[in-house]
Every structure is written in C-alpha cells, then in structure tokens.
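# Close look at the chain arrangement
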Amino acid sequence: DAGVIQSPRHEVTEMGQEVTLRCKPISGHNSLFWYRQTMMRGLELLIYFNNNVPIDDSGMPEDRFSAKMPNASFSTLKIQPSEPRDSAVYFCASDREGSMNTEAFFGQGTRLTVV
Amino acid sequence: AQSVTQPDIHITVSEGASLELRCNYSYGATPYLFWYVQSPGQGLQLLLKYFSGDTLVQGIKGFEAEFKRSQSSFNLRKPSVHWSDAAEYFCAVGAKDSSYKLIFGSGTRLLVRP
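Residues numbered from 1 in each chain as written. Chains lettered and ligands numbered in written order. Predicted model: local features only at pLDDT ≥ 70, side-chain atom pairs only at ≥ 80, totals over all residues. Heavy atoms only, no water.

### Some remarks on the state of the cysteines
- Applying the stated criterion to the full structure yields 2 disulfides over all chains.
- Put simply, cysteine 23 of chain A and cysteine 92 of chain A are joined by a disulfide, and their sulfur atoms are 1.9 Å apart. Here cysteine 23 of chain A and cysteine 92 of chain A share a disulfide; its torsion about the S-S bond, -65 degrees, makes the bridge left-handed. With cysteine 23 of chain A in strand S3 (residues 19-24) and cysteine 92 of chain A in strand S9 (residues 88-95), this pair connects stretches of sequence that are 69 residues apart. Neither residue differs from the other here; cysteine 23 of chain A and cysteine 92 of chain A are each classed as buried.
- What pairs with cysteine 23 of chain B in a disulfide is cysteine 91 of chain B, and their sulfur atoms sit 2.0 Å apart. Residues cysteine 23 of chain B and cysteine 91 of chain B share a disulfide whose torsion about the S-S bond is about -65 degrees; that sign makes it left-handed. Highlighted residues: cysteine 23 of chain B in the loop between strand S3 (19-21) and strand S4 (24-26) and cysteine 91 of chain B in strand S10 (residues 87-95), separated in sequence by 68 residues.
- Look at cysteine 23 of chain B and you get buried, because its relative accessible area is 0%. (Disulfide = S-S within 2.5 Å. Helix = DSSP H or I, 4+ residues; strand = E, 2+ residues; numbered from the N terminus. Buried < 20%, exposed > 50% of the residue type's maximum accessible area, 1.4 Å probe, protein only.)

If you want it as structure tokens, here you go:
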C-alpha cells in the first residue's frame with residue numbers, strides 16, 4: 001500500500017482565498033484524522049471521522065474550517081476564507097479501527113502558507 | 001485534563017552515544033502512552049506504545065521506553081544512536097475513555113554529531 005496520500009504537498013495562497021487540502025487514507029482503514037502542526041501550538045487534532053461520519057470536530061478552530069469525507073477513500077479539509085494565521089502543516093492520518101489498540105498512519109503533510 | 005511535557009526542545013548527542021528523551025504526562029488514570037518520530041518533511045511514525053503490563057516497552061529501530069507511574073514519566077531511550085536517528089520525537093498520551101484522541105507534547109529535536 002502507498003500509505004496515506006495527501007495533496008498538495010505545498011500550497012501558497014493569498015489571504016481571503018479558499019484552500020482545499022486532500023487526503024486518501026489507506027485502503028481498509030475506517031478512521032481518518034486531520035491534524036494541524038504549528039510552532040506555537042504543536043500538533044492538534046482538528047477532526048476525526050469513523051466510517052465516513054464526523055465523530056468529533058471540537059478541534060476545528062472556527063467556521064472557516066470544514067471537512068468532509070464523501071467516501072471511504074477520500075477526505076477534504078477546506079478553509080474559506082484563509083488567513084495568515086492558518087499557515088501550518090496539515091496532516092491526515094488513518095487507522096484501521098480508530099482505537100488506541102491500532103496504529104494511526106500519517107501522511108507526509110501539506111505545508112500551507114497564507115500570505 | 002491530560003497534558004504532556006517534553007522539557008527538552010533540542011538534544012545533541014554524538015553518534016554511538018546513548019540517548020534519553022524525557023516525557024512527563026498528566027492524567028488521572030493509567031494512560032495510553034506513545035512515542036512518535038518525525039523525520040524532516042515526513043509525517044509521524046509510531047515508535048512504540050504502552051497500554052498496560054510490562055513497564056518497559058520495546059519499539060522499532062532499537063528504541064525502548066519505560067513507564068514510571070510514580071514519576072508520571074515515559075522516557076524514551078536508545079543505547080547507541082545512529083546518524084539516521086536525527087529527527088523530531090513526540091510523546092503523546094491517550095485516554096481510555098476517548099479511544100481516538102491523542103494529546104501530543106511539543107516535541108524534542110534530536111541532532112546527532114558525527
């Protein structure tokens with residue numbers, strides 16, 4: 001398996017523009033996580049899906065952020081409108097069952113820069 | 001509330017020397033504890049985890065960690081560091097009542113001197 005695939009790897013956008021980050025989880029994994037990594041706040045869980053259903057989105061910073069998982073093989077994280085403080089590395093991870101007993105596999109991340 | 005503290009932002013060791021990375025956690029019950037490694041430009045990879053049982057846990061790449069309840073610590077060790085171990089290391093804690101949510105420490109960047 002190719003692992004968790006994220007695209008794009010790098011994104012530079014202007015403030016106010018819409019940004020869409022994409023994630024393809026590992027086939028057969030039924031849980032998907034979106035994390036954000038910044039120098040100031042470290043790694044934070046934004047949202048967690050289980051069987052394509054959002055279970056916990058309490059980490060989503062504000063209404064400008066939204067995430068979808070239309071099927072088991074694809075998820076998006078959208079920021080609209082984007083702001084400079086959204087600049088970070090965004091990671092997607094997937095897990096076979098979404099419990100502590102199994103390992104979450106991380107993608108390589110999308111480095112987002114909002115200017 | 002759960003929290004994780006990694007007191008060392010940077011650590012530099014010589015190749016072949018031993019390594020210990022510190023991790024302290026705060027949690028009301030027995031936690032699930034993890035160590036992840038992040039190489040530059042890469043995602044996180046699980047090194048090892050502790051759920052219960054033997055407090056000394058063996059992981060991949062020759063790493064081990066010891067859970068010490070009395071000290072609320074889960075320090076990561078390696079007897080002989082290789083240049084390829086240079087990376088950032090994250091300790092994380094999970095709660096049994098929240099099966100998916102991990103709280104990460106701020107990370108320790110390991111530099112290896114030739």
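Now, onward.
### Some points on the packing of aromatic side chains
- Throughout the structure, instances matching the rule amount to 15 aromatic pairs over all chains.
- Aromatic pair tyrosine 36 of chain B and phenylalanine 104 of chain B: ring centres 5.7 Å apart, planes at 55 degrees, arrangement tilted. With tyrosine 36 of chain B in strand S5 (residues 32-38) and phenylalanine 104 of chain B in strand S11 (residues 98-104), this pair connects stretches of sequence that are 68 residues apart.
- Geometrically, the ring pair formed by tyrosine 50 of chain B and phenylalanine 67 of chain B is stacked, given 4.5 Å between the ring centres and 25 degrees between the ring planes. On the criterion of sequence distance, the pair formed by tyrosine 50 of chain B in strand S6 (residues 44-50) and phenylalanine 67 of chain B in strand S8 (residues 64-68) is long-range, its members being 17 residues apart.
- Ring pairs connect the aromatic residues Phe33, Tyr35, Tyr48, Phe91 and Phe106 of chain A together with Tyr32, Phe34, Tyr36, Phe51, Phe90 and Phe104 of chain B, which therefore count as one cluster. (Phe/Tyr/Trp six-rings, centres within 6.5 Å; stacked < 30°, edge-to-face > 60°.)

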